Amino acid sequence: MKNKVKKIIALLICLLMVFSSSVIPVYADSEEDNLGSMRRNPFYVGKEISYSTLDSLSTEVSETKTHNGTTYYSKGKELYKIVRNNFVKRNEKFSIHYLSASRIRSMYAVWNLVETLLACATDDELAVGATDGDYIRWAIYSYGFPNDSESIKLDYTYNGYCYYTIDLMFEYYDSAAEEEQVDKAVNSFISTIDTNSMTDYEIIKKIHNFICSGTTYDDLAAYNIQGREYAATAYGALVRGKCICQGYAVAFYRICKELGYSARFVSSPYNEGCHAWNIVELDGKYYFVDTTWDDIYMDSNSSQSPYSYFLVNYSSLRADDSFRNEHKLDERYYGTEYFQTNYRSFIDGSNYNAKNKNLYSQSVISLPKTTYAYTGSAITPKVTVSSSGEPESCTFSYKNNVNSGKATVNICSSESKRVLSHRDFIITPYKISSPSLSTKERGTDYIVLGWEKPSEKISGYAIQMYKDGQWKTVKTVSSSATTAKINSLTAARKCSFRIRIYVTVSSRKYYGEYSKVLKTATKPKTPKAKSVSSKSKSITLKWKKVYCSGYEIQYSRNKSMNNAQSVTASSSATKKTIKELEKGKRYYVRVRAFKEYKSASGKDCRVSSAWSAKKKIICR
């Protein structure tokens, strides 16, 4: 009787999933040749896209030519990367400089070009992190042009080539600001992962549980009632806590990729199952994971295991499908040679066996530490493998382990050479030391700092100033900068600065050591010369007091102040008398303030204000 009740409950849950597990409803793509309209992302409307995963993408290089200082790109990796980077930033409007071997003569060709850009810029083979590839492919809602009449401009024709500037417009399911919140949620979760004490299986399971326990299926969004703008995103899953299957799948993909696991977003045809889930790699093999359907079981307190769709094979995944074929892979996208070669041929025919302790995914793999300072040489931390079983023999290989950023040590099968596991570590940037931070320019309320650009690839610089008894970050600048202007300072003030390099890895910043401290000062304000008088072979200059360490008074019989002599006065002085001058001679006199300070090495330094206006007088 109990088994019969379980089956009835399971059937009801499956029916619920049949009618609720879908991506946001789609509409047919417009065939109008109107640049002013927007077209739906072709992946949503089930459009046949022969170039969705180009086998030749890795060898397709853009041809480049320059006109009036602007570089134009033909179709190829370099152009696709430009588009990809705009997608990652969620830029809604941007321009590309397109190089064509012929004129664009039809609206069909224009739409086809943009569709190609969308598909290739989000291609898996071009993906370098967790926020591109599948993650952005399914974040794009629609595409088009911001201006119907001026979006495509022919800038130049020469030697058979046409140089175009094309203004593009893309709409996304989430914004850049919302993605920042996703970054925080992802980073907060990842901070709970100790890769030195957890197995790969435990890590993937924790990702699965995190998404399922913190997310609820959004039926209102599924039926296009409300919340549709968030439900298809990781923002919906990880920040709002409500989404549809696509939100679950991109969230799982994002976190797996952040932690270095190979994963893909996969889906069924829009006119059949219209569902999304994932594959993820363990021990050199891929398994299916459907957090959406597992979450339904978890939320309903069903007797069905909340891991029914966790690390399963294709037949187990499809066992409870209805007539809609929810888990049938869309062959248009996942039947390509690229997907077959890199993923499908490695999908395991059996469900994952968590009891097999001979698997590397059941071993604890650890490194002595997770961050290492840049040395300029390859960094190869020792790998320790702890297991209750007897994993197969393996070799270790290191990747990206010289320059700052994320480095990886792969544990590879000695026999098949497939990656069985991995551990990531961070190489922090080097310390700016030679030449050190320096003062390039200064005024009464600003100081321009300068440094030498490093040869390694970095993300930017963080500058700190010592004030109110502590070091505070006052400016962050990009990797291309070699100077930074620090504003809103006060005149004749001592300042202490330091700088360090940072590298960004998956939205997290990793810093190198701080440079040596630079001690400097702003210029004093220029004192105003008020009056000059003469008596008994002397002249007396009066000025308006400013904050400073002292004053320098310069006098000369030459208007150009050649061969001028100078005397000083204390910071409290407002006048100075210069004696033993020649009676009856005309003199020119001026004043400036100076600020004294010591450099970090203890050297005495002085910075002066501009000179006041000159005063002239006949000495009596």
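These numbers come from a predicted model, not from an experiment.

Novice: Whenever I open this one, the sheet that holds strand β11 (residues 276-282) confuses me. Can you help?
Specialist: Working definition: the strands of a sheet are paired by backbone hydrogen bonds and lie parallel or antiparallel to each other. Pairing in this open sheet of 4 strands is antiparallel, and the strands run β10-β11-β12-β13 from one edge to the other. Unpaired on one side and paired on the other, β10 (263-267) and β13 (310-312) mark the two borders of the sheet. Geometrically, the sheet is characterised by an average inter-axis angle of 40° between neighbouring strands, direction not taken into account. Docked against the sheet, helix α6 (residues 200-214) engages β11, β12 (285-289) and β13, running at close to 120° with respect to β13. Most of the contacts of helix α10 (residues 245-258) go to β11, to which it runs at about 20°, and overall it touches β10, β11 and β12.

Novice: I keep staring at the side chain of Ser363 and nothing clicks. Help me out?
Specialist: Within the secondary structure, Ser363 is located in the loop between α14 (337-342) and β14 (364-366). At a separation of 3.4 Å, a polar atom in the side chain of Ser363 contacts the side chain of Ser387. With residues up to four places along the chain from it excluded, the contact list for Ser363 reads Met198, Thr199, Asp200, Val385, Ser386, Ser387 and Pro391.

Novice: Explain the nonpolar core to me, please; I cannot follow it from the model alone.
Specialist: Nonpolar side chains tend toward joint burial in soluble globular proteins. Phe170, Ile204, Ile207, Leu238 and Leu311 are the most contacted members of the largest nonpolar core, which totals 95 residues. In contact with Ile204, other than residues within four places in its own chain, are Phe252, Cys256, Tyr261, Val280, Leu282, Phe310 and Leu311.

Novice: Hey, could you run me through the environment of Val505 in this one?
Specialist: Looking at where Val505 falls in the secondary structure, it is placed in strand β25 (residues 494-505). Through-space distance from the C-alpha of Val505 to that of Ala130 is 9.9 Å; in sequence the pair is 375 residues apart. Apart from residues lying up to four places away in sequence, Val505 is in contact with Gly405, Lys406, Ile426 and Tyr510.

Novice: Mind showing me how you'd approach unusual backbone geometry here?
Specialist: What is expected of a backbone is that most residues other than glycine have negative phi and most peptide bonds are trans. In this structure, Arg90 takes a positive phi of about 60° despite not being glycine. Mapped onto the fold, Arg90 is located in the loop between α2 (77-88) and β4 (93-100). Its relative accessible area of 6% is what places Arg90 among the buried residues.

Novice: Could you clarify how one ought to interpret α2 in this entry?
Specialist: For α2, with 12 residues, the first-to-last C-alpha span of 16 Å sits near the 16 Å given by 1.5 Å per residue. The complete set of buried residues in α2 reads Leu79, Tyr80, Val83, Arg84, Asn86 and Phe87. Considered in projection along α2, the buried side chains sweep an arc of 160° and stay on one side of the axis. For α2, the secondary structure elements touched by its buried residues are β3 (70-73), β4, α3 (107-121), α4 (134-137), β5 (140-144) and β7 (161-172). Phi turns positive one or two residues past the end of α2, at Arg90, with a value near 60°.

Novice: I would appreciate a short explanation of a positive patch on the surface in the present structure.
Specialist: Where like charges cluster on the molecular surface, the positive patch consists of Lys528, Lys530, Lys542, Lys544 and Lys575. Here Lys530 lies in strand β28 (residues 529-534).

Novice: I would appreciate a short explanation of α3 in the present structure.
Specialist: Residues spaced three or four apart along an α-helix point in a common direction, a consequence of the helix completing one turn every 3.6 residues. Between its terminal C-alpha atoms α3 stretches 21 Å, which fits the 21 Å expected from 15 residues at 1.5 Å a residue. Across the 15 residues of α3, 11 count as buried, placing the element largely inside the fold. Residues of α3 that are buried include every one of Val110, Trp111, Leu113, Val114, Glu115, Thr116, Leu117, Leu118, Ala119, Cys120 and Ala121, and no others.

Novice: What exactly am I supposed to notice about the sheet that holds strand β15 (residues 371-373) here?
Specialist: Read from one edge to the other, the open sheet built from 4 strands follows the order β15-β19-β18-β17, with strand pairing classed as mixed. In this open sheet, the two edge strands, each paired with only one partner strand, are β15 and β17 (394-399). Recorded for the sheet is a direction-independent mean angle of 30° between the axes of neighbouring strands. One ladder, built from 6 bridges, connects β17 with strand β18 (residues 405-413); its direction is antiparallel. Bridge pairing in β18 links Lys399 to Thr408.

Novice: Would you mind going over the state of the cysteines with me for this structure?
Specialist: What is meant by a disulfide is a covalent connection between two cysteines, made through their sulfur atoms. If you walk through the whole model with that rule in mind, you get 0 disulfides. With no disulfide of its own, Cys243 has Cys245 as its nearest cysteine by sulfur position, at a separation of 8.5 Å. The class for Cys243 is buried, based on a relative accessible area of 0%.

Novice: Even after reading the chapter, I still don't get the confidence of the model for the protein, so can you show me in this structure?
Specialist: Predicted coordinates in areas of low pLDDT are best not read in detail. Of the residues in the protein, 90% reach a pLDDT of 70 or more, and the chain-wide mean stands at 89. Every residue in residues 1-32 is under pLDDT 50, and counting partners more than four places away or in other chains gives 62 contacts.

Reading the values: the criteria
- Residues numbered from 1 in each chain as written.
- Predicted model: local features only at pLDDT ≥ 70, side-chain atom pairs only at ≥ 80, totals over all residues.
- Heavy atoms only, no water.
- Pairing = 2+ DSSP bridges.
- Helix = DSSP H or I, 4+ residues; strand = E, 2+ residues; numbered from the N terminus.
- Axes fitted to C-alpha atoms, helices over the stretch in contact; angles between N-to-C directions.
- Contact = heavy atoms within 4.5 Å.
- Polar contact = N/O pair within 3.5 Å; in protein donor to acceptor, adjacent residues only side chain to side chain.
- Core = buried A, V, L, I, M, F, W, Y, C linked by side-chain atoms within 4.5 Å.
- Buried < 20%, exposed > 50% of the residue type's maximum accessible area, 1.4 Å probe, protein only.
- Expected span 1.5 Å × (residues − 1).
- Arc of directions from axis to C-beta.
- Patch = residues over 30% accessible without salt bridge, like charges linked within 9 Å, V, L, I, M, F, W, Y side chains within 5 Å.
- Areas by Shrake-Rupley, 256 points an atom, 1.4 Å probe, with all protein chains shown as cover.
- Salt bridge = Lys/Arg side-chain N within 4 Å of Asp/Glu carboxyl O.
- Lys, Arg positive; Asp, Glu negative; His and termini not counted.
- Charge placed at Lys NZ, Arg CZ, Asp CG, Glu CD.
- Disulfide = S-S within 2.5 Å.
- pLDDT = per-residue confidence, 0-100.

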